[in-house]
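Chain by chain, the residues run as shown.
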Amino acid sequence: GEDVEQSLFLSVREGDSSVINCTYTDSSSTYLYWYKQEPGAGLQLLTYIFSNMDMKQDQRLTVLLNKKDKHLSLRIADTQTGDSAIYFCAESGNAGNMLTFGGGTRLMVKP
Amino acid sequence: DSGVTQTPKHLITATGQRVTLRCSPRSGDLSVYWYQQSLDQGLQFLIQYYNGEERAKGNILERFSAQQFPDLHSELNLSSLELGDSALYFCASSVDGGSLNEQFFGPGTRLTVL
């Protein structure tokens, strides 16, 4: 079955860039997504990338996709304390329907 | 605010009991999804409904069932509850559940089974 893997934890200093990595196994993934979950809250869709793209930039967020290696990354420029949260990558296949999520990466931003 | 509402916010019940979680999708969204988030299993897809019909099923236990009503709100029924069912249950909605599946999540219902 599909599998999505992420590292558990990342700590950065305020103002630095953060890079959160994700690998997936489903080669039929059509779209890949990044969600943010703050404590006690639901998941907020941050951005997504179509599988035939290499890169997508959205303000401070840059998504890189290496389809050959099935590797996805989310770069947050000028990381702020408000970016502290759990970040989930997710993929959906051709059928659309369900999202398969990674285990989440907890980002801690130190002042 | 995603526009997806879930009630109740918290639910505490005992083993063997039955509970119903409710979700109202964003205005205009036809698809509703249910997910379970627990410490050991992470975020897992349970089931999807599209315009009242079941469309996809994930790791949903037989003790669990769901439905989507004509007004598009959805309910997730959990019965014969066990301690391991304690988790956050999220509902999400999307316009049509098609290829670009932008799902918008509700704030979740935290279920505690004692």
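Since we're looking at a predicted model, the values are computed, not measured. (Residues numbered from 1 in each chain as written. Chains lettered and ligands numbered in written order. Predicted model: local features only at pLDDT ≥ 70, side-chain atom pairs only at ≥ 80, totals over all residues. Heavy atoms only, no water.)

Right, let's get into the pattern of salt bridges. Across all of its chains, the model carries five salt bridges over all chains by this definition. Taking the shortest distance from any N to any O, the salt bridge between Asp 69 of chain A and Lys 68 of chain A comes out at 3.6 Å. Judged by relative accessible area, which is 47%, Asp 69 of chain A ranks as partly exposed. Residue classification places Lys 68 of chain A among the exposed residues on the basis of a relative accessible area of 73%. Here Glu 82 of chain B ties to Arg 63 of chain B by a salt bridge, and the two come within 3.7 Å at their closest N and O atoms. One end of the pair, Glu 82 of chain B, is in the loop between strand S8 (74–78) and strand S9 (87–94); the other, Arg 63 of chain B, is in the loop between strand S6 (53–57) and strand S7 (64–68), and 19 residues separate them in sequence. Residue classification places Glu 82 of chain B among the partly exposed positions, given a relative accessible area of 44%. In this structure, a network of salt bridges that share partners links the residues Arg 63, Glu 82 and Asp 85 of chain B. (Salt bridge = Lys/Arg side-chain N within 4 Å of Asp/Glu carboxyl O. Buried < 20%, exposed > 50% of the residue type's maximum accessible area, 1.4 Å probe, protein only. Helix = DSSP H or I, 4+ residues; strand = E, 2+ residues; numbered from the N terminus.)

So, about the interface of chain A and chain B. Between chain A and chain B, the residue contacts involve 18 residues of the former and 20 residues of the latter. For the pairing of chain A and chain B, the buried interface totals around 1,500 Å² over both sides, and the portion due to carbon and sulfur atoms is 59%. Scanning the region where chain A abuts chain B turns up zero salt bridges. Among the elements that make up the side of chain A that touches chain B, the one with the highest residue count is strand S4 (residues 31–37) of chain A (four residues). Across the side of chain A that touches chain B, the residue classes tally to 12 nonpolar, six polar and no charged. (Contact = heavy atoms within 4.5 Å. Buried area = accessible area lost by both parts, 1.4 Å probe. Nonpolar A, V, L, I, M, F, W, Y, C, P; charged D, E, K, R; others polar.)

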